[in-house]
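A closer look at the structure
One letter stands for each residue in the lines below.
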Amino acid sequence: YAYYTDSVGDGNLQQFPTVSPRRGFGLNMAMVSARYDGKKYRGVIALQYGDIPQSAWSPEFNNILEAHAGLRLCSKLWVDAGFFRTHFGTEALYPKENLASSITVDTWHEPYFESGMRLDYALTDKLTIDLYVLSGYNIYVDNNAKKSVGLLATYALGDHGNIGYSNYIGDDTPTEADSISHLRFENNLFLNYTLKKLTIQAGVDYCTQQNSNLSLVAGVSGAAYSALLTLKYACTKRFAVVAREEWFDDPEGFLDGVRIDTDGDATGLNLTGTTIGAEYKPTPDSYLRLEGRQLITDPDQEIFRW
């Protein structure tokens, strides 16, 4: 159940919709999945239904969360192909996998899903590197003849968590829409660390895109920046509190879109947010959460309504 002061009306999708995207009662997601892990072969299929896939997933193959198969090439190297969950970003997309129930505006603008091939190599017991060749950014079905690439490098910090880097490089300009290149290079640094009762999650994104400045000067790239910091403290075995700060700045509007402010000027979204919450776990495999969140834009960007 969710309540929003942004009055888009009951049943309509809120801005940045993913988790609890409508005011009132809803079903985030129901999922059924199967997994096979063998010495030479492996595979995963997961089907989904609910508000999250409807509001944020691909219109093609909308009910597929992931579906891929893999072959072991040598002891530490696998190749997988199919539909994947995103390799990019700091937060998880689903509430049960995330420290908070909601996700940041930064995560909303990151890719959720992808299709293509992956090389998965365990360089050491702690360092794993994944290389991707993809159809595009949040694309299952390719919209042009170009392919994108991505990298995920994760280093395990013992039992405490991990630190890593992910990126995406590609041009998803539709062939029939625009002949100008919009090559995107997005970078993400993340940290997940637990020390006794305190869990820390931090992430920073930096993204550039060719020919994406508000002044429309040919050859000039736009840049966007974002960051988040989440702290979760386990007060007792069953009760925890969560606090999160987020920041998102897309001055050229190539990620969120160009908005017209109260002065009539074209601007990109500049936003900060604060989230606080509490979690109670009656059993190890269940939880109840209560969460509040405030998002604030620049005063001239009146994108929220009362």
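As shown above, the structure is provided for reference.
Residues numbered from 1 in each chain as written. Predicted model: local features only at pLDDT ≥ 70, side-chain atom pairs only at ≥ 80, totals over all residues. Heavy atoms only, no water.

1. Overview of the overall build of the protein chain
- Scanning the protein chain for helices and strands turns up two helices and 16 strands.
- A compact globule built from 306 residues would reach a C-alpha radius of gyration of about 19 Å, and the protein chain, at 20 Å, matches this within 12%.
- The C-alpha extent of the protein chain, read off along each of the three principal axes, is 60 × 55 × 35 Å.
- For the protein chain, the residues scored as buried account for 42% of the 306 residues in total. (Helix = DSSP H or I, 4+ residues; strand = E, 2+ residues; numbered from the N terminus. Rg over C-alpha atoms; globule rule 2.2 N^0.38 Å. Buried < 20%, exposed > 50% of the residue type's maximum accessible area, 1.4 Å probe, protein only.)

2. Let's talk about the pairing of strand β3 (residues 64-74)
- Pairing of strand β2 (residues 41-49) with β3 involves seven bridges; the strand directions are antiparallel. From the neighbouring strand, L47 faces β3, where its bridge partner is I64.
- For β3 and strand β4 (residues 77-85), the ladder comprises seven bridges, and the chain directions are antiparallel. Note on β4: the bridge partner recorded for H68 is G82.
- What sits between the antiparallel neighbours β3 and β4 is a turn of two residues. (Pairing = 2+ DSSP bridges.)

3. A short note on unusual backbone geometry
- Located in the positive-phi region is F61, a residue other than glycine, with phi close to 55 degrees.
- By relative accessible area, which is 44% here, F61 ends up partly exposed.
- With phi around 50 degrees, N211 is a residue other than glycine that occupies positive phi space.
- By the element assignment, N211 lies in the loop between β10 (198-209) and β11 (222-234).

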